[in-house]
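Here's the letter readout for the chains.
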Amino acid sequence: ARPPRAGRPGVKFRFTPHALEQMDSRGLNRTLVERVIENPEQVREERLGREARQSRVHFPDGEYLLRAMVDRRTNPPDVVTVYRTRDIAKYWRQE
């Protein structure tokens, strides 16, 4: 297995090969994903050591929730996978 690729300079996380493949297959722009990871609308604990960094994003075909699953147990934290969903209510925590 290849080691995870480092993020851009100044970015405090790295993408795993799986996350990069998923972003590519799902047509998710890396700059947009980095923006969500760095400045998410919400951070939700998913399970021990893993969190979802998420924001509502407008795409040409409507509004989606862009979710990046981040493993905080590594240094720097690993972006494990990224996806978008229309089912915003399922994952959005009302403040």
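These numbers come from a predicted model, not from an experiment.

Looking now at the pairing of strand β5 (residues 62–71). Regular strands show a simple pattern: their side chains alternate between the two faces of the sheet. Burial of β5 is extensive: eight of the 10 residues sit out of reach of the surface. In this structure, strand β4 (residues 50–59) lies alongside β5, joined through 10 bridges in antiparallel fashion. Within β5, the residue paired with A52 across the bridge is M69. Connecting β4 to the antiparallel partner β5 that follows it, the hairpin turn spans two residues. Strand direction decides the pairing type here: β5 and strand β6 (residues 78–85), joined by seven bridges, are antiparallel. Its bridge partner lying in β6, L65 is registered against T85. Remark: six residues form the turn of the hairpin made by β5 and β6, two consecutive strands paired antiparallel.

Before going further, it helps to spend a moment on the packing of aromatic side chains. Enumeration according to the criterion identifies two aromatic pairs in this entry. Relative to F15, the ring of F13 has its centre 5.4 Å away and its plane inclined at 80°; by these criteria the two rings are edge-to-face. Here F13 falls in the buried class, since its relative accessible area comes to 5%. Both rings, one in F59 and one in Y64, keep their centres 5.5 Å apart while their planes meet at 90°; by these two values the pair is edge-to-face. You'll find F59 and Y64 in the same group, each marked buried. The ring of F59 has R84 lying over it, and the distance from NZ or CZ to the ring centre is 4.5 Å. Cation over ring: R84 sits above Y64, and NZ or CZ is 3.9 Å from the ring centre.

Turning next to the confidence of the model for the protein. Taken over all residues, the pLDDT of the protein has a mean of 89, while the share at 70 or more is 87%. This model gives residues 1–8 a pLDDT under 50, and the stretch forms 18 contacts once residues within four places in sequence are excluded.

Another point: the pairing of β4. Within β4, eight of the 10 residues are buried, which leaves it mostly tucked inside the rest of the structure. Pairing geometry for strand β3 (residues 42–47) and β4, over five bridges, is antiparallel. Bridged to Q42 within β4 is Q54. Between β3 and β4, which follow one another and run antiparallel, lie two residues, and G49 among them has a positive phi close to 85°.

How each quantity is defined
- Residues numbered from 1 in each chain as written.
- Predicted model: local features only at pLDDT ≥ 70, side-chain atom pairs only at ≥ 80, totals over all residues.
- Heavy atoms only, no water.
- Buried < 20%, exposed > 50% of the residue type's maximum accessible area, 1.4 Å probe, protein only.
- Helix = DSSP H or I, 4+ residues; strand = E, 2+ residues; numbered from the N terminus.
- Pairing = 2+ DSSP bridges.
- Phe/Tyr/Trp six-rings, centres within 6.5 Å; stacked < 30°, edge-to-face > 60°.
- Lys NZ or Arg CZ within 6 Å of the ring centre and 35° of its normal.
- pLDDT = per-residue confidence, 0-100.
- Contact = heavy atoms within 4.5 Å.

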